[in-house]
2 protein chains.
Amino acid sequence: MKKKVPQATVHRLSLYARYLGELEAQGEDYVSSERLGEGVGTNGAQVRKDLSFFDRFGIPGRGYPVSFLRKRLANILGVGDRVWRVAVVGAGRLGAALVGYSVFEKQSFHFVAILDNDPGKIGTRVNGLEVGDIRDLRGIVSSQNVEVAVITVPVHSAQQVADMLVEAGVRALLNFAPAKLDVSPHIVLRNVDLAVELEGLSFHLINS
Amino acid sequence: MKKKVPQATVHRLSLYARYLGELEAQGEDYVSSERLGEGVGTNGAQVRKDLSFFDRFGIPGRGYPVSFLRKRLANILGVGDRVWRVAVVGAGRLGAALVGYSVFEKQSFHFVAILDNDPGKIGTRVNGLEVGDIRDLRGIVSSQNVEVAVITVPVHSAQQVADMLVEAGVRALLNFAPAKLDVSPHIVLRNVDLAVELEGLSFHLINS
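For every chain, the first residue of its written sequence is number 1, and the numbers climb from 1 along that sequence. Written order determines the labels here, with chains lettered from A and ligands numbered from 1. In keeping with the predicted nature of the model, local features appear solely for residues at pLDDT of at least 70, side-chain atom pairs appear and are counted solely at 80 or more, and the whole-chain, interface and lining totals rest on all residues. Computation of side-chain values covers all heavy atoms of the structure but excludes hydrogens and water.

> An account of the pattern of salt bridges is requested, with residue identities and associated values reported.
Note that side chains of opposite charge can pair when their charged atoms are close. A side-chain nitrogen of Lys or Arg and a carboxyl oxygen of Asp or Glu constitute a salt bridge if their distance falls within 4 Å. One pass over the structure, following the stated rule, counts 22 salt bridges over all chains. In this structure, Asp193(A) and Arg18(B) form a salt bridge, with 2.9 Å as the shortest nitrogen-oxygen distance. Remark: Arg18(B) occurs in helix 1 (residues 7-25) and Asp193(A) occurs in the loop between strand 9 (188-191) and helix 9 (194-206); the pair is interchain, linking two chains. Only protein chains enter the accessibility calculation, which uses a 1.4 Å probe. A residue is then buried if its area is under 20% of the maximum for its type, exposed if over 50%, and partly exposed in between. In this structure Asp193(A) comes out as buried when scored by relative accessible area, which is 14%. Going along the chain from the N terminus, every DSSP run of H or I of four or more residues is numbered as a helix, and every run of E of two or more is numbered as a strand.

Below, the structure is given as structure tokens:
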């Protein structure tokens, strides 16, 4: 890559890849930057700028080759030809639902472990995976080659669990606990903060 | 309000309110804009700018009164002293998990209905709610005064479900389907797009 890619560009790359998949399913061979932009709610100039971080994909006079660009974007996004090994910590409703949620498998995120500290849950099965004991976290991360962890524990345990995961060698965290986690800058951290989403929604409801 | 509040400000108001709740629990009476900013990963100038959209909350020489400001922010965010009535469409794993997820109740979002089109699910119970038939959507929205809907249907049905909900009178949609929904601008729409989150995570994993 030429330089640091902005977060917003990475976000749009996902949307481009998804829209290209739709065009591919419709049998389209080429797409202009204008149409690709329109399909995801932006414009052609933005598309060209976003893609220029990586390569020249367009063919003058024809546009972008749909199938080729979709595959290249999947590889750039790290969801093309590899699989990420994922553990969920927190086998409550949300954790159990995510383990069975097809979006993860579709994006090459493969669940290999689910852990909890509740003796009533340890040993039960969730979508084919046996719930492990959080005390065995380090051994499970190592033996299962876990690279990514999904945190679905209550807010008061989230930081402790994050620390344990990082110490065990996990490189990326997807955090669903409504907490601001403090992790080393070399760890990839994404937060899905439903409380903040809901407050954004209610703010616009009462002000619309 | 003086003028249109940026999305990023609304997002930070949620984080301020959460941090103020922590300070309140620790028995703090006042907080400076610098400390409030630090607590959510920004600075004092940003805090003062964000709050200036609404009112003057600070007391010269003492800072912001913690408990008062937390309550005011909750009201500004629409989660203070009212309850939003919510229906979930899609009684699969994710929909069922969300109905039992405490974050919603804590943010004043109260589930009053869950709907599906699968005869095998209709009539079963999820966290105390009976799964209704999606064909009765209009009647249920009206009789239950549903204001907000959570969409957890497969991607290929998401737009159709969104159209039905808007037509039935729902004012806000929280969409978990990995689809770009097209709704009238007076509808409040928030997307929780896990596919995009996962791709952002894998992008940073392979580029770190």
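Once the structure has been displayed, the description carries forward.
> I'd like a rundown of the interface of chain A and chain B, residues and numbers included.
How big an interface is tends to be stated in terms of the accessible area lost upon association of its parts. Contacts between chain A and chain B engage 60 residues on the former and 60 residues on the latter. Simply put, the buried area is the total loss of 1.4 Å probe accessible area from both parts when two parts are fitted together. Of the roughly 5,600 Å² buried between chain A and chain B, counting both surfaces, carbon and sulfur atoms make up 69%. Linking chain A to chain B there are four salt bridges. We note a salt bridge from Glu197(A) to Arg190(B), for which the minimum N-O separation is 3.1 Å. Think of a polar contact as two N or O atoms within 3.5 Å of one another; within protein, one of them needs to be a possible hydrogen donor and the other a possible acceptor, and neighboring residues in sequence only count if both atoms come from side chains. Inspection of the region where chain A meets chain B yields 20 residue pairs in polar contact (both at pLDDT 80 or more). Put simply, the parts of the chain that give the side of chain A that touches chain B at least two residues each are helix 1 (7-25), helix 4 (66-76), helix 5 (93-99), helix 6 (102-106), strand 8 (172-175), strand 9 and helix 9 of chain A. Among the elements that line the side of chain A that touches chain B, the one with the most residues is helix 9 of chain A, at 13 residues. Taken together, the residues that form the side of chain A that touches chain B break down as 35 nonpolar, 16 polar and nine charged. Two residues form a contact once any of their heavy atoms are found within 4.5 Å. Gly is placed with the polar residues, together with every amino acid not listed as nonpolar (Ala, Val, Leu, Ile, Met, Phe, Trp, Tyr, Cys and Pro) or charged (Asp, Glu, Lys and Arg).

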